[in-house]
Amino acid sequence: MCDTLCARRAEGTVFGKNSDRPPSEVQLIESHAARHGGGSLRTQYLTIDDPGAAALIGARPDWLWGMEHGINHHGVAIGNERVFTDDDPDQHPPGLIGMDLVRLGLERGTTAHRAVAEITALIQRHGQGGVADPVTGDAYFSSFLVADPHEAWVVESSGRDWAAHTVTDHAAISIRITLTTCTQASTDDPDRFDPQAWLRPDEWTAHADQRLAASRGALATSVDFGPSDMAAALRDHGGHRWGAPGADLPTVDPPTDQGPDGQGWTVCMHVRGLSTTTSSIIGWLDRSGNHRAWVAPGSPCVSVFIPLSATQPAPTLLADPDAWRRLARLRDLVDADPALLPEIRAHLDPLEGRLWDEADGLAEAGADGANWSRFSTRACQEADAAITSLLDQSG
């Protein structure tokens, strides 16, 4: 259960995703260097040919080969969503899972268009199948939002079938089929194909509809929707947005229960015992090539969006399972007592705002890779120290 958004601008594209997974599942934010082609590649369940890979930064559940979201050095960003269709994924043999396809798209995509071509060809060639949720044992199909500085695409799938549509201004996807028309598809006549035909007639979509409404509303609020707006959107607990670095807005407590109309299923997920946001990313895909990322391990409402250069390796602390578990403990405290959130944000917001200002200064000065690496490593250490301090204060 996830939410992915993007907004196209004259200078580039802003991208964001919340990865919603089982609350106890550790998620690691990693860098992977470019790889020469040749030989074979082992994905979660399949061994396939390896044509090589671009360098990338991505977030990976610790038991999976694939990734929930990421950005490569070409400025291609991808995130995926679980979707429900009238085709039963449990009846399909092990194939590629959505997270495999995200990572493969990032490895092979020099542009968004190329990444879409790779993902859809892999779906048709290898199919989708295999457990993707270790708690429920569920298999599922996926949709994808694929963006670069110049264009963006929504791709939705069911089994080996797929449909893709270009994004003209902005887009949001969640855990349901959203397309009603497509630019390309696996069918012989994409102009006449409605992807809504994949949806089961009795499928409950209110939980996705609530979150889509929040994301689309956020995207529509500003013609200059940028990374700080994305941070606020990814921290949505229902009601008004909050959490933009430097903004003086009151926090919104996470929901304590869920209703049949979809209330309580929010973009920053807090469905206790079932699903929570375990990693978030914001990307600025710049037409000049100065691609940037902001990553928040754990739930973004109790975390700090760490600024990174998307063309430099991420700090190793972001791939430390113990650092992720510290954030999970802080999230659990807030889930038990939502009234703690304003105090936590009062501790973290000044740090986040300062780090964002420093990163903006580095970007404006055209800082080299070494300066970015030193800054991002320090930023991670300061954020981890702040989280540890909050946990110590809580006893």
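Everything below is about the structure printed above this text.
What this report covers is the structure whose coordinates are included nearby.

Calculation rules
- Residues numbered from 1 in each chain as written.
- Predicted model: local features only at pLDDT ≥ 70, side-chain atom pairs only at ≥ 80, totals over all residues.
- Heavy atoms only, no water.
- Helix = DSSP H or I, 4+ residues; strand = E, 2+ residues; numbered from the N terminus.
- Rg over C-alpha atoms; globule rule 2.2 N^0.38 Å.
- Contact = heavy atoms within 4.5 Å.
- Areas by Shrake-Rupley, 256 points an atom, 1.4 Å probe, with all protein chains shown as cover.
- Expected span 1.5 Å × (residues − 1).
- Buried < 20%, exposed > 50% of the residue type's maximum accessible area, 1.4 Å probe, protein only.
- Core = buried A, V, L, I, M, F, W, Y, C linked by side-chain atoms within 4.5 Å.
- Salt bridge = Lys/Arg side-chain N within 4 Å of Asp/Glu carboxyl O.
- Axes fitted to C-alpha atoms, helices over the stretch in contact; angles between N-to-C directions.
- Parallel < 35°, antiparallel > 145°, perpendicular 65-115°, else oblique.
- Left-handed = near helix turned anticlockwise from the far one by under 90°.
- Nonpolar A, V, L, I, M, F, W, Y, C, P; charged D, E, K, R; others polar.
- Phe/Tyr/Trp six-rings, centres within 6.5 Å; stacked < 30°, edge-to-face > 60°.

**What about the overall build of the protein?**
Moving on, step 1. Along the backbone of the protein there are 7 helices and 17 strands.
Moving on, step 2. For 395 residues, the compact-globule formula gives about 21 Å, and the C-alpha radius of gyration of the protein, at 19 Å, lands near that figure.
Moving on, step 3. In terms of overall dimensions, the protein has a C-alpha envelope of 60 × 50 × 40 Å along the principal axes.
Moving on, step 4. In the protein, the proportion of contacts linking residues at least 24 apart, taken out of those at least 6 apart, comes to 67%.
Moving on, step 5. Here the protein displays about 14600 Å² of accessible surface, and carbon together with sulfur accounts for 50% of that area.

**Overview of helix H2 (residues 112-126)**
Moving on, step 1. End to end, H2 covers 21 Å across 15 residues, agreeing with the expected 21 Å (1.5 Å per residue, within 8%).
Moving on, step 2. Against strand E5 (47-49), strand E8 (77-83), helix H1 (98-108), strand E9 (141-147), strand E10 (152-158) and strand E11 (161-166) lie the buried residues of H2.
Moving on, step 3. Just beyond H2, the residue with positive phi is Gly127, at close to 75 degrees.

**With respect to the pairing of strand E6 (residues 56-61)**
Moving on, step 1. Most of E6 sits inside the fold, with 6 of its 6 residues counted as buried.
Moving on, step 2. The alternating pattern of E6 places Leu56, Gly58 and Arg60 on one face and Ile57, Ala59 and Pro61 on the opposite face, and all of these are buried.

**Things to note about the nonpolar core**
Moving on, step 1. Core analysis: the biggest nonpolar cluster contains 49 residues, and Leu145, Ile306 and Leu308 have the highest contact counts within it.
Moving on, step 2. Top element by residues in this core is helix H7 (residues 369-394). It accounts for 9 residues.
Moving on, step 3. When neighbours within four sequence positions are excluded, Ile306 is seen to be in contact with Ala293, Trp294, Val295, Ser376, Ala379, Cys380 and Ala383.
Moving on, step 4. Counting residues in hydrophobic clusters, the runner-up holds 25 residues, among them Met67, Leu96, Val102 and Ala112.

**Considerations on the pattern of salt bridges**
Side chains bearing opposite charge may pair, as long as their charged atoms lie close to each other.
Moving on, step 1. Enumeration according to the criterion identifies 28 salt bridges in this entry.
Moving on, step 2. Taking the shortest distance from any N to any O, the salt bridge between Arg35 and Asp50 comes out at 2.9 Å. Here Arg35, found in the loop between strand E3 (27-32) and strand E4 (40-42), pairs with Asp50, found in the loop between E5 and E6; they are 15 residues apart in sequence, far enough to count as distant.
Moving on, step 3. With a relative accessible area of 8%, Asp50 lands in the buried category.
Moving on, step 4. Among the charged side chains, a network of salt bridges with common partners joins Lys17, Arg21, Glu25 and Glu68.

**Digging into the packing of helix H5 (residues 321-336) against H7**
Moving on, step 1. The N-to-C vectors of H5 and H7 enclose an angle of 45 degrees; their axes lie 10 Å apart at closest approach. In terms of their interaxial angle, H5 and H7 are classed as oblique. Read as a crossing pair, H5 and H7 show a hand that is left-handed. Residue-level inspection shows Ala323, Arg326, Leu327, Arg329, Leu330 and Leu333 of H5 in contact with H7, the latter providing Asp384, Ile387, Thr388, Leu390, Leu391 and Ser394.
Moving on, step 2. Class assignment for the residues of the contact of H5 with H7 results in 7 nonpolar, 2 polar and 3 charged.

**Quick look at the packing of aromatic side chains**
Moving on, step 1. This model, assessed by the stated rule, comprises 4 aromatic pairs.
Moving on, step 2. With a centroid separation of 6.0 Å and 80 degrees between ring planes, the pair formed by Trp372 and Phe375 is classed as edge-to-face. Here Trp372 pairs with Phe375, and both are found in helix H7, just 3 residues apart, close to one helical turn.
Moving on, step 3. We classify Trp372 as buried; its relative accessible area is 6%.

**Remarks on the side chain of His270**
Moving on, step 1. Its location among the elements puts His270 in strand E14 (residues 270-271).
Moving on, step 2. On the basis of relative accessible area, His270 is assigned to the buried category, the value being 1%.
Moving on, step 3. Ignoring anything within four residues of it in the chain, the contact list for His270 reads His237, Pro254, Pro255, Gln258, Ser275, Cys301, Arg331 and Asp335.

**Topic: the packing of H1 against H2**
Moving on, step 1. Interhelical geometry of H1 versus H2 gives an angle of 135 degrees and a closest axis separation of 8 Å. When the axis of H1 is compared with that of H2, the two are oblique. Note that H1 runs across H2; the crossing there is right-handed. Seen from H1, the contacting residues are Leu101, Leu104, Gly105 and Arg108; seen from H2, they are Arg114, Ala115, Glu118, Ile119, Leu122 and Ile123.
Moving on, step 2. Its residues assigned to classes, the contact of H1 with H2 comprises 6 nonpolar, 1 polar and 3 charged.

Take it as geometry only, folks, not as evidence of what the structure does.
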